[in-house]
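Breakdown of the fold
For reference, the chains in residue letters:
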Amino acid sequence: QVQLVESGGGLVQAGGSLRLSCAASGRTLSGYAIGWFRQAPGKEREFVAAITWSGGRTDYTDSVKGRFTISRDNAKNTLYLQMNSLKPEDTAVYYCAASRFVLPRGASLYGDWGQGTQVTVSS
């Protein structure tokens, strides 16, 4: 079991940047992939990006490639999502989650979830 707490969300104008953080505790993250998902009202939870904790391999959904960067600080057990060139369509609640599978994109393959942090991008 991994406990995850997101932070860093807020209100930003289109074209701006935010960095989300996800602090993990409870056990080592070795062997896990940690991902970011987002969910807008009335829409399904959408995969954003994921990273393998040990090897640092990454995966991004097409809509954020070139704008978002996922990373982790192993010593701090913290995951980050650097979001640049934000667009109004990026507005959503962002969640981090942990999976024992290798860079899965399906939410059902993630067993541990944070509480979410709201990101709102104004035009």
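Residues numbered from 1 in each chain as written. Predicted model: local features only at pLDDT ≥ 70, side-chain atom pairs only at ≥ 80, totals over all residues. Heavy atoms only, no water.

1. Concerning the overall build of the chain
The secondary structure content of the chain amounts to zero helices and eleven strands. The linear arrangement of helices and strands in the chain, starting from the amino end, is β-β-β-β-β-β-β-β-β-β-β. The C-alpha radius of gyration computed for the chain amounts to 13 Å, which stays within 12% of the reference 14 Å derived for 123 residues, consistent with globular compactness. Once the C-alpha set of the chain is aligned to its principal axes, its extents read approximately 40 × 30 × 25 Å. (Helix = DSSP H or I, 4+ residues; strand = E, 2+ residues; numbered from the N terminus. Rg over C-alpha atoms; globule rule 2.2 N^0.38 Å.)

2. Overview of the side chain of aspartate 112
Position of aspartate 112 among the secondary structure elements: in strand 10 (residues 112–113). Engagement of the side chain of aspartate 112 in a polar contact is seen with the backbone nitrogen of valine 2, the distance being 3.1 Å. The contacts of aspartate 112, once residues within four sequence positions are left out, are Gln1, Val2, Leu4, Tyr32, Cys96, Ala97 and Ala98. (Polar contact = N/O pair within 3.5 Å; in protein donor to acceptor, adjacent residues only side chain to side chain. Contact = heavy atoms within 4.5 Å.)

3. Topic: the nonpolar core
Grouped together as the largest cluster of nonpolar side chains are 30 residues, with contacts concentrated most on Trp36, Leu79, Leu81, Met83 and Tyr94. Tyrosine 94 has contacts with Glu6, Leu20, Trp36, Phe37, Arg38, Val48, Phe68, Leu81, Met83, Gly116, Thr117 and Val119, leaving out every residue within four places of it along the chain. The next biggest cluster of nonpolar side chains, apart from the first, holds six residues, and it includes Phe37, Phe47, Ala97 and Leu103. (Core = buried A, V, L, I, M, F, W, Y, C linked by side-chain atoms within 4.5 Å. Buried < 20%, exposed > 50% of the residue type's maximum accessible area, 1.4 Å probe, protein only.)

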